[in-house]
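Okay, here's what each chain looks like letter by letter:
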Amino acid sequence: MTDFRILGAGVAGLAVATELVARGARVDIVDPMEMPGKQSCSWWAGGMLAPFCEFENAEDTVLRLGQNAKAWWARHTQVTENGTLVVAPARDVPDLKRFARRTHGFDWVDGPGIAALEPDVPGFKTGLYFREEAHLDPRNALHDLFLALKRQGVSISATPARGPVGQVIDCRGFAARDVLTDLRGVKGEMLVIRAPDITLTRPVRLLHPRLPLYIVPRGDGVFMLGATMLETSDRKRITARSMLELLTAAYTLNPAFGEAEVLEIGVDVRPAFPDNLPKIRRIGSTVYANGLFRHGFLLAPSLAHGVAELVLNANITELVDEDHTERRTA
Amino acid sequence: MRAFYGTELANPLMLGTAQYPSPAILAQAFQASEAAVATVSLRREGADGAGNAFWQMIRKLGVHVLPNTAGCHTVKEAVTTAHMAREFFETPWIKLELIGHTDSLQPDVFQLVEAAKILSDEGFQVFPYTTEDLIVGERLLDAGCKVLMPWGAPIGSGRGLNNTYALRAMRAEFPDTPLVVDAGIGLPSHAAQAMELGFDAVLLNTAVARAGDPVLMAQAMAGAVEAGRLAHTADPIEPRDMAEASTPVIGKAFLS
């Protein structure tokens, strides 16, 4: 028998498994697809390790814990440490100033500065360069965790072996809403496009009054374009409006994106608690690790650390939500 | 305070529910400000129906819900959205918003009057988002509206009251109609000014939701609308050109 059974092979489940195995525990994983894939919302993620940019509209927990992500992921997959560039069209420069006031860890860059960083982002006069940020390819990252776990003898199956089961750690994301009643879905839509004539070397964000739109280079002329945030758990399909907004953002960054091929359309929902922060809860004998919201890759290492400390050392770290029943009835 | 379709509001602050860092902070902003009305947008978040977790959270705020037709550009869209809103929120209230111009989000007042007539005839209680134009205001009242919500400045611009002359004229022209300054508020002083002009409520969203500390800004706005309301009730003095000493000086001994 194993010590722990992890439900879900998304970024939460795989990170928790990786952390537990690294500490000598025996785990197995149950996931309907038996490998990372479209069943988990992390498959559609941007993969930005951008705690400073995210802090603009998030609690300081995201900034603090997010800074652990780069080193953790670099031990398991390829991380590109090239920073983030944030730009705004001339008419939205007040928004850029506000963005700058709300966070730190950046340098202001002017037109020539932007051109030096990203020659294929022409026409912008003002931007912010977050030197310390990084990005990864989410699908490669999930696969790298998956393969490393397999190599270490971790079984990942849809129908687990019978017999005694170790402690269950539920990392099913939005599917755990049957138990986690205050979990909600926040819809996200993204596109994968190919524009071989355009080169970007780091994620570029375009400030928009409503959405943080970004484009992440995946290499070989492929780019991920994301992401909408809608307060709904409907994930059937993208709307025309969302596609227009995403493509307009790309077109604004460089009109040559107008010639791009659309390779993929992704739609899913992010699991989120009311404060949009991840939580670890014990309900009965099961531990739930959930609510990564739009910070799957940024906060999964801290979530995994918190789970490992709880189940192996009985150590209550900050993401552990012990008084949840009390709070829910309050 | 004038009643909104028969409903007396405990507080002249109406808050939007978009763009907050999290639903938890949204709820804290409502608690801190004691805002009496929450506006909600159905257009984009409506797809999963009445079970939507976000809407359930809004209901739990225990305030009046004013669904809006944000993002609608045609009468047909706005009417359909209003029908959905009535079904989900079980309220006849609808903030009617018909956008006519992409950059300024200025209301299309011609379509607004048309949609207001249709919805009023169907029994909706319409809160039209309009300009400060007096004739449009009259047409909206003719269409069945019993509330008018002129803009202070374009949505989200935070520029305050662009045309206080016209807003004052509107107050004088429609003495019995509840008036709400909707959109353009950036600072508590803007909100206070609207109340000082005799408006019945102020509706705002971005100024609170996108502030560095939304909860603190919600509190500041609550204080401002209360100060403005009291000041209007207190009958403020008229400005004048020359000083008027508050203590008489005649008969005092002047020593140089």
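Every chain's residues receive numbers from 1 upward, in the order its sequence appears when written. Note on labels: chains are lettered from A, ligands numbered from 1, in written order. Thresholds applied to this predicted model are a pLDDT of at least 70 for local features of residues and 80 or more for the giving and counting of side-chain atom pairs; totals over whole chains, interfaces and linings are not thresholded and use all residues. Calculated side-chain values reflect all of the structure's heavy atoms, with hydrogen atoms and water omitted.

**Some thoughts on the interface of chain B and chain A**
Next, step 1: Only heavy atoms matter for contacts: two residues are in contact if any of them lie within 4.5 Å across the pair. Chain B puts 19 residues into the contact, and the matching count from chain A is 23 residues.
Next, step 2: When two parts are put together, the accessible area they lose, computed with a 1.4 Å probe and summed over both, is reported as buried area. Here chain B packs against chain A, burying approximately 1,800 Å² in sum over the two surfaces, 41% of which is carbon and sulfur.
Next, step 3: Salt bridge, as applied in this entry: a Lys or Arg side-chain nitrogen positioned within 4 Å of an Asp or Glu carboxyl oxygen. Remark: the boundary between chain B and chain A carries one salt bridge.
Next, step 4: Here Glu56(A) ties to Arg210(B) by a salt bridge, and the two come within 3.3 Å at their closest N and O atoms.
Next, step 5: A 3.5 Å cut-off defines polar contacts: any pair of N or O atoms within that distance qualifies, except that in protein one atom must be a possible hydrogen donor and the other a possible acceptor, and neighbouring residues in sequence count only when both atoms are side-chain atoms. At the boundary of chain B and chain A, one finds five residue pairs in polar contact (both at pLDDT 80 or more).
Next, step 6: Secondary structure elements with two or more residues in the side of chain B that touches chain A: helix 1 (23-33) and helix 2 (53-60) of chain B.
Next, step 7: Any residue that is not Ala, Val, Leu, Ile, Met, Phe, Trp, Tyr, Cys, Pro, Asp, Glu, Lys or Arg is counted as polar, Gly included; the first ten are nonpolar and the last four charged. Each residue belonging to the side of chain B that touches chain A can be placed in one class, and the counts come to eight nonpolar, five polar and six charged. Only runs of H or I of at least four residues qualify as helices and only runs of E of at least two qualify as strands under DSSP, and these elements are numbered from the N terminus.

**A few points about the domain arrangement of chain A**
Residues and elements named next belong to chain A.
Next, step 1: Parsing chain A into structural domains produces domain 1 (2-45 + 137-181 + 274-329) and domain 2 (84-131 + 184-272).
Next, step 2: Taking only C-alpha atoms, the centre of domain 1 and the centre of domain 2 are 29 Å apart.
Next, step 3: With 17 residues of domain 1 at the contact, the number on the domain 2 side is 21 residues.
Next, step 4: Summed over both partners, the interface of domain 1 with domain 2 comes to about 1,600 Å²; 57% of that surface belongs to carbon and sulfur atoms.
Next, step 5: Contact with domain 2 buries surface across domain 1, with Trp44, Phe174 and Arg294 losing the most and accounting together for 45% of the total.
Next, step 6: Joining domain 1 to domain 2, the criterion identifies one salt bridge.
Next, step 7: For Glu264, the salt bridge identified is with Arg139, shortest N-O distance 2.9 Å. Each domain's extent is set by a domain assignment, obtained either automatically or from a database.

**A word on the environment of Phe223(A)**
All names here are of chain A.
Next, step 1: Among the structural elements, Phe223 can be located in strand 14 (residues 222-226).
Next, step 2: For the pair Phe223 and Asp137, spaced 86 residues apart in the sequence, the C-alpha separation amounts to 11 Å.
Next, step 3: Those residues in contact with Phe223 that sit more than four places away from it in its chain are Leu191, Val192, Ile193, Ala195, Ile198, Leu200, Ile215, Val216, Pro217, Arg218 and Phe257.

**Observations regarding the packing of aromatic side chains**
Residue and element names in this part refer to chain A.
Next, step 1: Aromatic contacts are taken between Phe, Tyr and Trp rings whose centres are within 6.5 Å, Trp giving its six-membered ring; a plane angle under 30 degrees counts as stacked, one over 60 as edge-to-face, and the others as tilted. Evaluation of the coordinates by the stated rule reveals 11 aromatic pairs over all chains.
Next, step 2: Relative to Phe130, the ring of Phe99 has its centre 6.1 Å away and its plane inclined at 80°; by these criteria the two rings are edge-to-face. Taken together, the residues Phe99 in helix 5 (residues 93-102) and Phe130 in strand 7 (residues 126-130) connect sequence positions 31 residues apart.
Next, step 3: Using a 1.4 Å probe on the protein chains alone, a residue whose accessible area is under 20% of its type maximum counts as buried, one over 50% counts as exposed, and one in between counts as partly exposed. Overall, the relative accessible area of 4% leaves Phe99 in the buried class.
Next, step 4: Take Phe130: its relative accessible area is 0%, and that puts it in the buried class.

**Section: the sheet that holds strand 3 (residues 48-49) of chain A**
All names here are of chain A.
Next, step 1: Pairing between two strands requires that DSSP report at least two bridges joining them. If you walk across this open sheet you meet the three strands as 3-8-4, and the pairing is antiparallel. The open sheet has two free edges, formed respectively by strand 3 and strand 4 (79-80), since each of these has just one partner strand.
Next, step 2: When strand 3 meets strand 8 (residues 134-136), the two strands line up antiparallel, connected through two bridges. What sits directly across from Met48, in strand 8, is His135.

**A few points about the nonpolar core**
Next, step 1: In this description, a nonpolar core means a group of buried Ala, Val, Leu, Ile, Met, Phe, Trp, Tyr and Cys residues linked to one another through side-chain atoms lying within 4.5 Å. Membership of the largest hydrophobic core comes to 80 residues, with the highest contact counts inside it found for Phe4(B), Ile58(B), Leu96(B), Val126(B) and Leu204(B).
Next, step 2: Ranked by residue count, the leading element in this core is helix 3 (residues 75-89) of chain B, at seven residues.
Next, step 3: For Val126(B), the residues in contact, after removing those within four places along its chain, are Tyr5(B), Ile94(B), Leu96(B), Ala116(B), Leu119(B), Ser120(B), Cys145(B), Lys146(B) and Val147(B).
Next, step 4: Within the second largest apolar cluster, 73 residues are counted, among which are Val11(A), Val27(A), Ala50(A) and Leu145(A).

**Things to note about the packing of helix 3 of chain B against helix 4 (residues 109-121) of chain B**
Residues and elements named next belong to chain B.
Next, step 1: Contact pair helix 3 / helix 4: the axes reach a minimum separation of 9 Å and the direction vectors enclose 35°. Every pair of crossing elements has a handedness; the one defined by helix 3 and helix 4 is right-handed. Listed contacts from helix 4 to Val75, Val79 and Ala82 of helix 3 are Gln111, Glu114, Ala115, Ile118 and Leu119.
Next, step 2: Taken together, the residues that form the contact of helix 3 with helix 4 break down as six nonpolar, one polar and one charged. Interaxial angles span 0 to 180 degrees and are taken between N-to-C directions of axes, which are lines fitted to C-alpha atoms, for helices over the stretch in contact. Helix crossings get a hand from a simple test, with the near helix turned counterclockwise from the far one by less than a right angle marking a left-handed crossing and a clockwise turn marking a right-handed one.

**Details of the pattern of salt bridges**
Residue and element names in this part refer to chain A.
Next, step 1: Under the criterion given, the structure shown has 31 salt bridges over all chains.
Next, step 2: With a shortest N-O distance of 2.9 Å, Glu118 and Arg202 are connected by a salt bridge. In this pair, Glu118 is assigned in the loop between helix 6 (111-117) and strand 7 and Arg202 in the loop between strand 11 (184-194) and strand 12 (204-206), connecting sequence segments 84 residues apart. Of the two residues, Glu118 and Arg202, neither departs from the other in class, the shared state being buried.
Next, step 3: A salt bridge links Asp234 to Lys187; the shortest N-O distance between them is 3.5 Å. Pair noted here: Asp234 is in the loop between strand 14 and helix 8 (240-253) and Lys187 is in strand 11, with a separation of 47 residues, a long-range link.
Next, step 4: Given the relative accessible area of 10%, Asp234 is considered buried.

**Examining a nonpolar patch on the surface**
Residues and elements named next belong to chain A.
Next, step 1: Excluding any residue in a salt bridge, patches collect residues exceeding 30% relative accessible area, merging like charges within 9 Å and nonpolar Val, Leu, Ile, Met, Phe, Trp and Tyr side chains within 5 Å. The protein chains shown are the only cover counted for residues, whose accessible areas, like all others here, come from Shrake-Rupley with a 1.4 Å probe. Side chains of Leu247, Val262 and Ile265 sit close together on the surface and give an oily, nonpolar patch of about 220 Å² of accessible area.
Next, step 2: Here Val262 lies in strand 15 (residues 261-272).
Next, step 3: Overall, Val262 belongs to the partly exposed group, its relative accessible area being 44%.

**Observations concerning the packing of helix 4 of chain B against helix 5 (residues 134-143) of chain B**
Residue and element names in this part refer to chain B.
Next, step 1: Relative orientation of the contacting elements helix 4 and helix 5 amounts to 15°, with a least axis distance of 8 Å. Taken together, the axes of helix 4 and helix 5 lie roughly parallel to each other. For the crossing formed where helix 4 meets helix 5, the hand is right-handed. Note on element contacts: helix 5 touches helix 4 through Val136, Arg139, Leu140 and Ala143, opposite Val109, Leu112, Val113, Ala116, Lys117 and Ser120.
Next, step 2: Among the residues forming the contact of helix 4 with helix 5, the class breakdown is seven nonpolar, one polar and two charged. Just so you know how the angles are binned, under 35 degrees is roughly parallel, over 145 roughly antiparallel, 65 to 115 roughly perpendicular, and the rest oblique.

**Observations concerning the confidence of the model for chain B**
Next, step 1: Across chain B, the average pLDDT comes to 90, with 93% of residues at 70 or higher.
Next, step 2: Here the prediction assigns the complex a pTM of 0.87, and the interface score ipTM is 0.80. Per-residue confidence from the predictor is reported as pLDDT, which spans 0 to 100.

**Brief notes about unusual backbone geometry**
Next, step 1: Each neighbour pair has its own omega, and for Gly226(A) with Ala227(A) the value is -25°, a cis peptide bond.
Next, step 2: Along the chain, Ala227(A) turns up in the loop between strand 14 and helix 8.

**Details of the pairing of strand 8 (residues 201-204) of chain B**
Residue and element names in this part refer to chain B.
Next, step 1: Burial along strand 8 is two-sided: Ala201 and Leu203 facing one way and Val202 and Leu204 facing the other are all buried.
Next, step 2: Pairing geometry for strand 1 (residues 13-16) and strand 8, over three bridges, is parallel. By the bridge assignment, Leu13 is partnered in strand 8 with Val202.
Next, step 3: By the bridge criterion, three bridges tie strand 7 (residues 180-182) to strand 8 in an arrangement that is parallel. The partner of Asp182 across the bridge, within strand 8, is Leu203.
Next, step 4: Handedness rule for crossovers: strands pointing away from the viewer, path from the first strand over the helix to the second running clockwise, crossover right-handed. In the classification by handedness, the crossover that spans strand 7, the intervening helix 7 (residues 188-196) and the parallel strand 8 is right-handed.

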